[in-house]
Amino acid sequence: MAYLAVNCVKINILYSVIVFALSLIMLSVPAALKKIRARQDNETREFNTLYSSYETDITLEPHSVKMFGLRQAFISRLDKAFKKYYEKTAVKAIGCEVVSDHLSVFFFKFAL
């Protein structure tokens, strides 16, 4: 490693610094976003579990839903759960994914 660093500095010190900085950025961005993505994946999994349980409640006893007029209550419960998930997790997950992809593409093209 030291041999590589010495020869890079001999060639051009500015180029060596730029390549090292780009490499560091390309490695640090995914590492920094790993924890955020893991949290968002857990929240998405929790939402999917909740949504699935609501769907199960609706489909197991459709006669109760019809007889007691619970259709709108179930729909509003599903809607509230989705809105909460979307505002809390989905927007951030989409933004995080877009930023990560754009940074990776930018630095990859800049490095070439």
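It should be noted that the structure appears before, not after, this text.
It should be emphasised that the depicted structure is a prediction, and the values quoted were computed from it without experimental measurement. (Residues numbered from 1 in each chain as written. Predicted model: local features only at pLDDT ≥ 70, side-chain atom pairs only at ≥ 80, totals over all residues. Heavy atoms only, no water.)

> What am I meant to see in the overall build of the protein chain here?
Check the secondary structure of the protein chain and you find four helices and zero strands. Reading the protein chain from its N terminus to its C terminus gives the helix and strand order α-α-α-α. Relative to the globule expectation of 13 Å for 112 residues, the C-alpha radius of gyration of the protein chain, 25 Å, shows a markedly less compact shape. The buried share of the protein chain, taken over its 112 residues, is 17%. On the protein chain, roughly 9,100 Å² of surface is accessible, and the fraction owed to carbon and sulfur atoms is 68%. Distance between charge centres in the protein chain, computed from 15 positive and 10 negative side chains, equals 7 Å. (Helix = DSSP H or I, 4+ residues; strand = E, 2+ residues; numbered from the N terminus. Rg over C-alpha atoms; globule rule 2.2 N^0.38 Å. Buried < 20%, exposed > 50% of the residue type's maximum accessible area, 1.4 Å probe, protein only. Areas by Shrake-Rupley, 256 points an atom, 1.4 Å probe, with all protein chains shown as cover. Lys, Arg positive; Asp, Glu negative; His and termini not counted. Charge placed at Lys NZ, Arg CZ, Asp CG, Glu CD.)

> Would you mind going over helix 2 (residues 13-60) with me for this structure?
Helical geometry: 3.6 residues make up each α-helical turn, so side chains three or four residues apart lie on a common side. Between its first and last C-alpha, helix 2 extends 70 Å over 48 residues, near the 70 Å set by a 1.5 Å rise per residue. Along helix 2, the sharpest change in direction is near 35° and occurs at K34. Regarding helix 2, the residues found buried are S16, L22, V29, L33, Q40, E43, F47 and Y54. Sitting at the amino-terminal end of helix 2 is N12, which places a side-chain oxygen 3.2 Å from the backbone nitrogen of L14. (Expected span 1.5 Å × (residues − 1). Bend = angle between axes of the 7 residues up to and from the residue. Polar contact = N/O pair within 3.5 Å; in protein donor to acceptor, adjacent residues only side chain to side chain.)

> Looking at this structure, how should I read the packing of aromatic side chains?
Considering all chains together, one arrives at five aromatic pairs under this definition. Note on F47 and Y51: the rings are 5.4 Å apart at their centroids and 45° apart in plane angle, and the pair reads as tilted. Separated by four residues within a single helix, F47 and Y51 lie in helix 2, roughly one turn from each other. Of the residues examined, F47 reaches a relative accessible area of 11% and is grouped as buried. Its relative accessible area of 27% is what places Y51 among the partly exposed residues. Considering the side-chain rings of F82 and Y85, the 6.4 Å spacing of their centres and the 50° angle between planes classify their relative orientation as tilted. Of this pair, F82 and Y85 both sit in helix 4 (residues 71-111), three residues apart, which is roughly one turn of the helix. Exposure remark for Y85: the relative accessible area of 16% places this residue in the buried category. (Phe/Tyr/Trp six-rings, centres within 6.5 Å; stacked < 30°, edge-to-face > 60°.)

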